[in-house]
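Spelled out, the chains give:
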Amino acid sequence: EEMRIEANGFVLTGTLSKPAEARGPLPAVILVAGSGPTDRDENVAGIPIFGHIAHALADAGFVVLRYDKRGVGQSGGRVESATLADYAEDVRAAIRALADRKDVDKRRIALVGHSEGGSLALIAASKEKRVAGVALVATVGTSGADLNLYQVTHAVERTNRPESERQNTIQLQRQIQQAVLTGKGWDALALPDGVRRQADTPYFQSFLAFDPAKLMKDVDQPVLIVQGALDTQVPPDNADKLEALARARKKNAGVEVVKVPGINHLLVPATT
């Protein structure tokens, strides 16, 4: 069924899936999508990632909520100045909406975040005690700046460009990161206006500054970490880093890691 979520001055619109034979208040899951203008099914490259997950979880006995991100599809809100913290507040709005439903067991609401959605789930869980558990799927275990540098490095290493050009590109990315984080040094880079407009945004600044090591200590809930072994967007060692952070918490809430062979970042079978 369609569900409307009252957020901060606008409405998010999503889909609520329930077991065919739903009886009484049921445990619930909120699916939290990754980066970019993603709809409720988290369609990427023609793959409805959250459509598949929602149906599987509903068949397993859960109420499942997935929603169009702010400014996408049928959801209101603007994205120009939105940061990771703002998107995490949208997750908290979804938690409140589910907790108010009579068909949901408010003591058993979990977050399942995919890719950047895992980072948002961590932020929300650190602030929202109504979250009973967190699943981090293909989620970064380093700072956003480190992940971004890895992604740029991985991309240039797959090109036929000379080694000197590759290193110049990586160094330029380091300088762009520093300018985004500090607001200084843009003039020295002499970038085309389009490049600066794309990088110098509140969102990218919040992404670069994000560090799960600073956040995990405030997450009191059990954590499930799921990672595809062929993920090149968020490489598999991020699962190990998240596990170490979760196990280092003062409150031993529990952590489990599942690595799935032959699966890529979009959670589908791959060969390379």
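Describing the packing of aromatic side chains
Next up, step 1: Here the structure, examined in full by the defined rule, presents two aromatic pairs.
Next up, step 2: Between the aromatic rings of Tyr203 and Phe207, the centroid separation amounts to 6.3 Å while the plane-to-plane angle is 20°, which identifies the pairing as stacked. A residue pair is termed a helical-turn pair when its members lie 3 or 4 positions apart in one helix, as Tyr203 and Phe207 do in helix H8 (residues 202-209) at four residues.
Next up, step 3: An angle of 15° between the planes, with centres 6.1 Å apart, marks the rings of Phe204 and Phe207 as stacked. In this pair, Phe204 and Phe207 both sit in helix H8, three residues apart, roughly one turn of the helix.
Next up, step 4: Taken together, the ring pairs in this structure connect Tyr203, Phe204 and Phe207 into an aromatic cluster.
Next up, step 5: Here Lys69 stacks its cationic end above the ring of Tyr87, 4.7 Å away from the centre of that ring.
Next up, step 6: Here Arg70 stacks its cationic end above the ring of Tyr87, 5.6 Å away from the centre of that ring.

Some words on unusual backbone geometry
Next up, step 1: Phi is positive for Glu42, which is not a glycine, with a value near 50°.
Next up, step 2: Its location among the elements puts Glu42 in the loop between strand E3 (26-32) and strand E4 (43-44).
Next up, step 3: With a phi close to 55°, Ala138 is a non-glycine residue in the positive phi region.
Next up, step 4: Structurally, Ala138 can be placed in the loop between strand E8 (131-137) and helix H4 (144-157).
Next up, step 5: For Ala138, a relative accessible area of 1% corresponds to the buried category.

Focus on helix H1 (residues 49-59)
Next up, step 1: Those residues of H1 not exposed but buried are Ile49, Phe50, Gly51, Ala54 and Ala58.
Next up, step 2: For H1, the elements touching its buried residues are strand E2 (11-17), E3, E4, strand E5 (47-48), strand E6 (63-67) and strand E7 (104-114).
Next up, step 3: Directly after H1, the chain includes Gly61, whose backbone phi takes a positive value near 105°.

Each value, and the rule that gives it
- Position numbers for residues count from 1 along each chain, tracking the sequence in the order it is written.
- Local features are withheld for residues below a pLDDT of 70 in this predicted model, meaning they are given only at 70 or higher, and side-chain atom pairs are given and counted only at 80 or more; totals for whole chains, interfaces and linings count all residues.
- Values shown for side chains rest on all heavy atoms present in the structure; no hydrogens or waters enter the calculation.
- Pairing of aromatic rings covers Phe, Tyr and Trp, the last counted by its six-membered ring, and requires centre-to-centre distances within 6.5 Å; plane angles under 30 degrees mean stacked, over 60 mean edge-to-face, and any other angle means tilted.
- In this description a helix means any DSSP run of H or I spanning at least four residues, a strand means any run of E spanning at least two, and both kinds are numbered starting from the N terminus.
- By definition here, charges over rings are those cases where NZ of Lys or CZ of Arg is within 6 Å of the ring centre and within 35 degrees of the ring normal.
- Here's how the labels work: a residue is buried when its accessible area is under 20% of the maximum for its type, exposed when over 50%, partly exposed in between, all with a 1.4 Å probe on protein chains only.
- Here a residue-residue contact requires only that any non-hydrogen atoms of the pair lie within 4.5 Å.

Nothing here speaks to function; it is geometry throughout.
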